[in-house]
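# Chain and residue survey
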Amino acid sequence: MDPRQFEHIVVKDNDIQSIVMSYLLHNCFDETADSLASTTGINQPVIDRDNLERRKQIMHCILEKKALKAVELTEQLGQDLLEKNKDLHFDLLCLHFVELICDGKSKEALEFAKTSLAPFGMVQKYVGKLEDAIALLAYEDPEKSPMFYLLSSEYRQQVADDLNRTLLEHANHPSYTPMERLLQQVTVARQYLTEENGKDAFPPFSLKDYVKG
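This section reports on the structure supplied with the text. Note that the structure is predicted; figures quoted are calculated from it, not measured. (Residues numbered from 1 in each chain as written. Predicted model: local features only at pLDDT ≥ 70, side-chain atom pairs only at ≥ 80, totals over all residues. Heavy atoms only, no water.)

The next point concerns helix 4 (residues 67–77). A67, A70, V71, L73 and T74 are the residues of helix 4 that are buried. Residues of helix 4 that are buried sit in contact with helix 3 (49–63), helix 5 (86–102) and helix 8 (153–170). (Buried < 20%, exposed > 50% of the residue type's maximum accessible area, 1.4 Å probe, protein only. Helix = DSSP H or I, 4+ residues; strand = E, 2+ residues; numbered from the N terminus. Contact = heavy atoms within 4.5 Å.)

Below is the structure:
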């Protein structure tokens, strides 16, 4: 279908509600999903509630600055899960290292870096972030350092989202929601139109700008 025809397609309320429902359950907002179901009458899809609760607990640990507990709970779901996802394992360990620094436990943080983070230094792609993490030890106020991104809630949320997708894949569930897929398709369609008609006719798609109207 020509992307120019998308704006003429009528989307039913039930379809929108189903997309929102899948997003809520995917991200462990089960109470909000229950509320949506009771308000709209939409049927909730059959899901693994035990898996959802486990994912919710793990994500909560990450966001509440308990990264090591998140690692422990993840390994209970699959002993080789993090071994197969070293990038994610590294990010979780970095979060714990940052937590130690923020708690004023510099000596403990340094020891943790030697035992748990140093092995990642043998792989080139981890060196930059590892150096940034270690450099935090040199600052009395790490939040004012150039490496502040490692302390940010955005970075922590990103790690939580990545782990959630990994856990979903491990349980043979889709790692992306229909809403995310839809946005990807919209972005691709807008890029197609831009190439066909020029950048002035169709500027790059921005969800933030679209929501603003």
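With that out of the way, let us pick up helix 3. The end-to-end C-alpha distance of helix 3, which contains 15 residues, comes to 21 Å, matching closely the 21 Å that a straight helix rising 1.5 Å per residue would cover. Considered for burial, the residues of helix 3 that qualify are N51, L52, R55, I58, M59, C61 and I62. With its phi angle positive at about 60 degrees, K65 sits one or two positions after the end of helix 3. (Expected span 1.5 Å × (residues − 1).)

This part covers the nonpolar core. Judged by nonpolar contacts, the single largest core of 37 residues is most densely connected at L92, F97, L117 and L150. Of all the secondary-structure elements, those providing two or more residues to this core are helix 3, helix 4, helix 5, helix 6 (106–117), helix 7 (124–135) and helix 8. By residue number, the principal contributor to this core is helix 5, which donates 10 residues. Excluding residues within four positions of it along the chain, L150 makes contact with L95, V98, K129, D132, A133, L136 and Y155. Of all hydrophobic cores here, the second largest spans 8 residues; its members include L24, L25, L36 and L52. (Core = buried A, V, L, I, M, F, W, Y, C linked by side-chain atoms within 4.5 Å.)

With respect to the helices and strands, R49 occurs in helix 3. Judged by relative accessible area, R49 falls into the partly exposed class, the value being 34%. A sequence separation of 24 residues divides R49 from L25, and the C-alpha atoms of the two residues are 9.6 Å apart.

Here we take up the side chain of T166. Examined against the element boundaries, T166 turns out to sit in helix 8. Under the relative-accessibility criterion, T166 is labelled buried at 11%. Polar contacts involving the side chain of T166 include one to the main-chain carbonyl oxygen of D162, which spans 3.0 Å. Contact partners of T166, with chain neighbours within four places excluded, come to L81, N85 and L88. (Polar contact = N/O pair within 3.5 Å; in protein donor to acceptor, adjacent residues only side chain to side chain.)

Take the pattern of salt bridges next. For the structure shown, the criterion picks out 9 salt bridges. Between K144 and D141 there is a salt bridge whose closest N-O contact spans 4.0 Å. For D141, a relative accessible area of 33% gives the class partly exposed. Here D162 ties to R165 by a salt bridge, and the two come within 3.8 Å at their closest N and O atoms. In this pair, D162 and R165 are both assigned in helix 8, 3 residues apart and thus about one turn of the helix distant. You can call R165 buried: its relative accessible area is 19%. (Salt bridge = Lys/Arg side-chain N within 4 Å of Asp/Glu carboxyl O.)

So, about unusual backbone geometry. In the Ramachandran plot, K65 falls in the positive-phi region, its phi being about 60 degrees despite a non-glycine side chain. Mapping K65 onto the fold places it in the loop between helix 3 and helix 4.

Looking now at the environment of A133. Within the fold, A133 resides in helix 7. Note: C-alpha distance between A133 and I101 (32 residues apart in sequence) is 9.7 Å. Once you skip the residues sitting within four places of it in the chain, A133 turns out to touch F97, I101 and L150.

Taken N-terminus to C-terminus, the directions of helix 5 and helix 8 make an angle of 145 degrees; their axes are 10 Å apart at the nearest point. As helix 5 packs across helix 8, the resulting crossing turns out to be left-handed. Only Y155, R156, V159, D162, L163 and T166 of helix 8 make contact with helix 5, whose side of the interface consists of L88, D91, L92, C94, L95 and E99. (Axes fitted to C-alpha atoms, helices over the stretch in contact; angles between N-to-C directions. Left-handed = near helix turned anticlockwise from the far one by under 90°.)

Before going further, it helps to spend a moment on the packing of aromatic side chains. Summed over the entire model, instances satisfying the criterion amount to 4 aromatic pairs. Geometrically, the ring pair formed by F90 and F120 is tilted, given 5.0 Å between the ring centres and 45 degrees between the ring planes. Of the two residues, F90 sits in helix 5 while F120 sits in the loop between helix 6 and helix 7, which places them 30 residues apart along the sequence. Here F90 and F120 have matching classes, each one buried. (Phe/Tyr/Trp six-rings, centres within 6.5 Å; stacked < 30°, edge-to-face > 60°.)

Everything listed here is a matter of geometry and, on its own, says nothing about what the molecule does.
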